[in-house]
Amino acid sequence: LKNRRFIVFFCDISLVCAALGLSFLLRFDFRIPVEVQAHLWDCLLVVAVLQPLTFAALGFYRSLWSYASLRDAVAILKGVTLASALSVFAVLYMRPFAPVPCSIFILDWFFLFAMICSSRLAWRMYRENFVKPRINMGSRTLIVGAGEAGSLLLKEIHRQPVASYNVI
């Protein structure tokens, strides 16, 4: 369990670096000027250290997102926003007169949020479809007219590795 958390932590570091790199590439039309490349490396160092540590401080690695939901996406949104804001202030503090366009930080925030959410969702989909395949050996069951309660019941039945019910 602890090893998986380190793996997720290092995956997040790679996503942080990829988001920033993609932001620079898109901002400069995939041709980063030589004079800006030094700023890229400085920014990369800041975000690769600061953002994953912020995620860790906010508790991103306490659970492994087995049941990623909308509430978790909101937590990711808050965490990415805080980590990005801290990174912007750190970069501006390190290089107060550096010509790093603001659009890079906005793109970085967007890409990082999308990548972190996607990675958690991909893990959940992988886990539900391959790691814990459901065995439909239970009695055939039909959920009728239960509305939201029926939806919650169906989700709970699908989360069980071996269910007593095979919802048809």
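Everything quoted here is computed from the prediction, not taken from an experiment.

*Asks:* Help me understand the overall build of the protein chain, please; the structure alone is not making it clear to me.
*Replies:* Along the protein chain, the regular secondary structure elements total 5 helices and 2 strands. From first element to last, N terminus to C terminus, the protein chain shows the α and β order α-α-α-α-β-α-β. In the protein chain, which comprises 168 residues, the proportion classed as buried is 33%. Summed over its atoms, the accessible surface of the protein chain is roughly 10600 Å², and 68% of this surface lies on carbon and sulfur atoms.

*Asks:* Help me understand the packing of aromatic side chains, please; the structure alone is not making it clear to me.
*Replies:* Two aromatic rings are characterised by how far apart their centres lie and by the angle between their planes. Going through the model one piece at a time under the given rule, you end up with 6 aromatic pairs. Judged by centre distance (5.5 Å) and plane angle (80 degrees), the rings of Phe-9 and Phe-10 are edge-to-face. In this structure, Arg-27 packs its charged tip against the face of Phe-28, placed 5.0 Å from the ring centre.

*Asks:* Can you walk me through the environment of Phe-24 in this structure?
*Replies:* In this structure, Phe-24 sits in helix 1 (residues 2-27). Separated by 81 residues in sequence, Phe-24 and Phe-105 have C-alpha atoms that sit 9.1 Å apart.

*Asks:* Hey, could you run me through the nonpolar core in this one?
*Replies:* A general tendency of soluble globular proteins is for nonpolar side chains to be buried together. Ranked by size, the top nonpolar core spans 29 residues in total, and within it Leu-20, Phe-24, Phe-55, Leu-112 and Ile-116 carry the most contacts. Leaving out residues up to four positions away in the same chain, Leu-112 has contacts with Leu-15, Val-16, Ala-19, Gln-51, Phe-55 and Val-80.

*Asks:* Sorry if this is basic, but what is going on with the side chain of Gln-51 here?
*Replies:* By the secondary structure assignment, Gln-51 is in helix 2 (residues 34-57). Owing to a relative accessible area of 0%, Gln-51 belongs among the buried residues under this scheme. Here Gln-51 is in contact with Val-16, Val-46, Ala-83, Ser-84, Ser-87, Asp-108 and Leu-112, once residues within four sequence places are set aside.

*Asks:* How do you make sense of the pattern of salt bridges when you look at a structure like this?
*Replies:* Two side chains bearing opposite charge may form a pair once their charged atoms approach each other closely. All told, the structure shown has 1 salt bridge when counted by the stated rule. The salt bridge partner of Asp-12 is Arg-120, with a shortest N-O separation of 2.9 Å. In this pair, Asp-12 is assigned in helix 1 and Arg-120 in helix 4 (residues 102-131), connecting sequence segments 108 residues apart. The class of Asp-12 is buried, set by a relative accessible area of 1%.

*Asks:* How should the packing of helix 2 against helix 3 (residues 70-94) be read in this particular structure?
*Replies:* Any two packed helices are characterised by how steeply their axes cross, that is the angle between the axes, and by the distance between the axes. Relative to each other, helix 2 and helix 3 sit at 145 degrees, their axes nearing to 9 Å. Crossing of helix 2 against helix 3: the hand is right-handed. Packed against helix 2, whose contacting residues are Asp-42, Cys-43, Val-46, Val-47, Leu-50, Gln-51, Thr-54 and Phe-55, the element helix 3 presents Gly-79, Val-80, Leu-82, Ala-83, Ser-84, Leu-86, Ser-87, Ala-90, Val-91 and Met-94 at the interface. Within the contact of helix 2 with helix 3, the residues separate by chemical class into 12 nonpolar, 5 polar and 1 charged.

Reading the values: the criteria
- Residues numbered from 1 in each chain as written.
- Predicted model: local features only at pLDDT ≥ 70, side-chain atom pairs only at ≥ 80, totals over all residues.
- Heavy atoms only, no water.
- Helix = DSSP H or I, 4+ residues; strand = E, 2+ residues; numbered from the N terminus.
- Buried < 20%, exposed > 50% of the residue type's maximum accessible area, 1.4 Å probe, protein only.
- Areas by Shrake-Rupley, 256 points an atom, 1.4 Å probe, with all protein chains shown as cover.
- Phe/Tyr/Trp six-rings, centres within 6.5 Å; stacked < 30°, edge-to-face > 60°.
- Lys NZ or Arg CZ within 6 Å of the ring centre and 35° of its normal.
- Core = buried A, V, L, I, M, F, W, Y, C linked by side-chain atoms within 4.5 Å.
- Contact = heavy atoms within 4.5 Å.
- Salt bridge = Lys/Arg side-chain N within 4 Å of Asp/Glu carboxyl O.
- Axes fitted to C-alpha atoms, helices over the stretch in contact; angles between N-to-C directions.
- Left-handed = near helix turned anticlockwise from the far one by under 90°.
- Nonpolar A, V, L, I, M, F, W, Y, C, P; charged D, E, K, R; others polar.

It is worth stressing that arrangement in space is one thing and function is another; only the former is reported here.
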